[in-house]
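Structural description and commentary
This is what each chain is made of:
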Amino acid sequence: SMKLEFYNINEDSIRALAALPALESFELIECDVPAAVLAPLKQWSRLRSLTLECHNLHGDSLDVVTELKELRQLHLRSASLDDDDLKRICQMKSLESLELNAAHITAAGLEHLNELPRLNHCGVIGRLTSSPALLKIQKTRPDFSIKVLH
């Protein structure tokens with residue numbers, strides 16, 4: 001397990017981190033990181049939990065994250081995600097817990113959460129916490145919990 005806060009991440013530091021193949025949990029808090037710098041992280045085949053509080057993480061920069069096929073927990077609270085980003089994330093069928101900033105996600109975008117068969121927890125920042133889409137998932141899957149994050 002490793003947690004880095006307010007750290008200046010560059011390609012050399014990510015390469016050094018990528019050399020830790022047994023890492024199962026990683027948190028990168030308040031670090032602005034170019035998406036290309038994150039590319040070596042896909043070598044973490046044993047990673048189960050990932051927290052990235054990076055404001056510039058969206059669009060194509062999510063590709064590195066979505067390649068982590070064994071990931072169980074994903075927390076993207078600072079990212080400005082939209083419907084297309086959530087659709088990308090929902091290709092990660094192993095996710096059990098997802099926390100995200102839904103400020104730019106519509107109710108229609110939240111429907112993608114139905115594509116995650118193992119998802120049992122969703123933490124949401126934003127106005128959609130009482131969305132019919134989330135409530136529908138909660139009705140059909142009694143083990144599904146929604147948490148409002150601040």
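For the structure, see preceding data.
A brief structural summary.

The rules behind the values
Residues numbered from 1 in each chain as written. Predicted model: local features only at pLDDT ≥ 70, side-chain atom pairs only at ≥ 80, totals over all residues. Heavy atoms only, no water. Helix = DSSP H or I, 4+ residues; strand = E, 2+ residues; numbered from the N terminus. Buried < 20%, exposed > 50% of the residue type's maximum accessible area, 1.4 Å probe, protein only. Contact = heavy atoms within 4.5 Å. Pairing = 2+ DSSP bridges. Core = buried A, V, L, I, M, F, W, Y, C linked by side-chain atoms within 4.5 Å.

1. Re the overall build of the chain
When its secondary structure is counted, the chain shows 5 helices and 7 strands. Secondary structure elements of the chain, listed N to C terminal, follow the sequence β-α-β-β-α-β-α-β-α-β-α-β. Expressed as a percentage of its 150 residues, the buried residues of the chain come to 49%. In the chain, the proportion of contacts linking residues at least 24 apart, taken out of those at least 6 apart, comes to 51%.

2. Here we look at the pairing of strand β4 (residues 73–76)
As paired strands, strand β3 (residues 49–53) and β4 are joined by 3 bridges and run parallel to one another. Each residue of the ladder has a partner; that of Thr 51, found in β4, is His 75. Here β4 runs beside strand β5 (residues 97–101); their pairing, made up of 4 bridges, is parallel. Each residue of the ladder has a partner; that of Leu 74, found in β5, is Leu 98.

3. Focus on the nonpolar core
Ranked by size, the top nonpolar core spans 41 residues in total, and within it Leu 50, Leu 74, Leu 98 and Leu 113 carry the most contacts. By residue number, the principal contributor to this core is helix α5 (residues 132–140), which donates 3 residues. Leave out the neighbours within four places in its chain, and Leu 113 touches Leu 86, Cys 90, Leu 98, Leu 119, Cys 122, Leu 134, Ile 137 and Arg 141.

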